[in-house]
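Structural overview
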Amino acid sequence: MGVILGSCREEEPYVYKCEDGAVKFELFNDELNPRARLLEPGSFDMGFEIIQNENELYQKLFIAYLKKKIDFTTKSLIVISVKNNTRASVMSQSVTADCAHNRLTITADLRYWSTPVGGIDHVFAIVPKIPYNTAIKFIPKYSR
């Protein structure tokens, strides 16, 4: 007769060990401009959501097509929403960490569309699992 030992205690979630500088990230659906958006982007010109699990993913986002599942046991999805007078597309982006301020900074190069139609644009980054209280700073760089 064998004995199985185990614990009923849930494992501690993996949390990003902060190191200043560049943070390795993935693109949502492997695209700079996936067909997804926040359902409630808020009333501010700029906002963000940190999505930590699959339930939040579907409660907070409209996703036209999900190509690739996110492993939320080790990753978090950051979604930035930006209100613009002229819509813009993400051309490139980067993520850096500032450990002293418990902050991730997402910088995105955005190119304006040719049609001057306002709306809300989104920037997505899948990063190693971070706590909800991580501050997010967004730096947009616009071009035509």
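Computed from a predicted structure; not experimentally measured.

With that settled, the discussion passes to the pattern of salt bridges. Summed over all chains, the structure comprises eight salt bridges. D30 is paired through a salt bridge with K68; the nearest N and O atoms lie 3.2 Å apart. On the criterion of sequence distance, the pair formed by D30 in the loop between β1 (21-22) and β2 (36-38) and K68 in the loop between β4 (61-63) and β5 (75-84) is long-range, its members being 38 residues apart. K68 sits in the partly exposed class, given a relative accessible area of 33%. Beyond isolated ion pairs, a larger network of salt bridges with shared partners links E26, D30, K68 and K75.

Our next topic: the confidence of the model for the protein chain. It should be kept in mind that the predicted coordinates are not to be read in detail where pLDDT is low. When the pLDDT values of the protein chain are averaged, the result is 88; 90% of them are 70 or greater. The low-confidence segment residues 1-12 (pLDDT under 50) makes zero contacts with residues lying over four places distant or belonging to another chain.

Glancing now at the nonpolar core. Grouped burial of nonpolar side chains is what soluble globular proteins tend to show. Counting 20 residues, the largest nonpolar core has I78, I80, L104, I106, V123, I130 and F138 as the members making the most contacts within it. Those elements giving two or more residues to this core turn out to be β5, β6 (88-98), β7 (103-112), β8 (119-128) and β9 (135-143). With residues near it in sequence (within four places) discarded, I106 still touches I78, I80, S94, V95, V123, A125, K137, F138 and I139.

Procedures and definitions
- Each chain carries its own residue numbering, running from 1 in the direction its sequence is written.
- At least 70 in pLDDT is required for a residue's local features to be given in this predicted model, at least 80 for side-chain atom pairs to be given and counted, and no such filter applies to totals for whole chains, interfaces and linings, which use all residues.
- Neither water nor hydrogens contribute to the side-chain values; these are computed over all heavy atoms in the structure.
- Salt bridges are identified by distance alone: a Lys or Arg side-chain nitrogen within 4 Å of an Asp or Glu carboxyl oxygen.
- Strands are runs of DSSP state E lasting at least 2 residues, helices are runs of H or I lasting at least 4, and numbering of each runs from the N terminus.
- For every residue, the accessible area (1.4 Å probe, protein chains only) is compared with the maximum for its type, and the residue is labelled buried under 20%, exposed over 50%, or partly exposed between those bounds.
- Note on scores: pLDDT gives the predictor's confidence for each residue, bounded by 0 and 100.
- Any pair of residues with heavy atoms lying within 4.5 Å of one another is described as a contacting pair.
- Buried residues of nine kinds, namely Ala, Val, Leu, Ile, Met, Phe, Trp, Tyr and Cys, make up a nonpolar core once their side-chain atoms join them within 4.5 Å.

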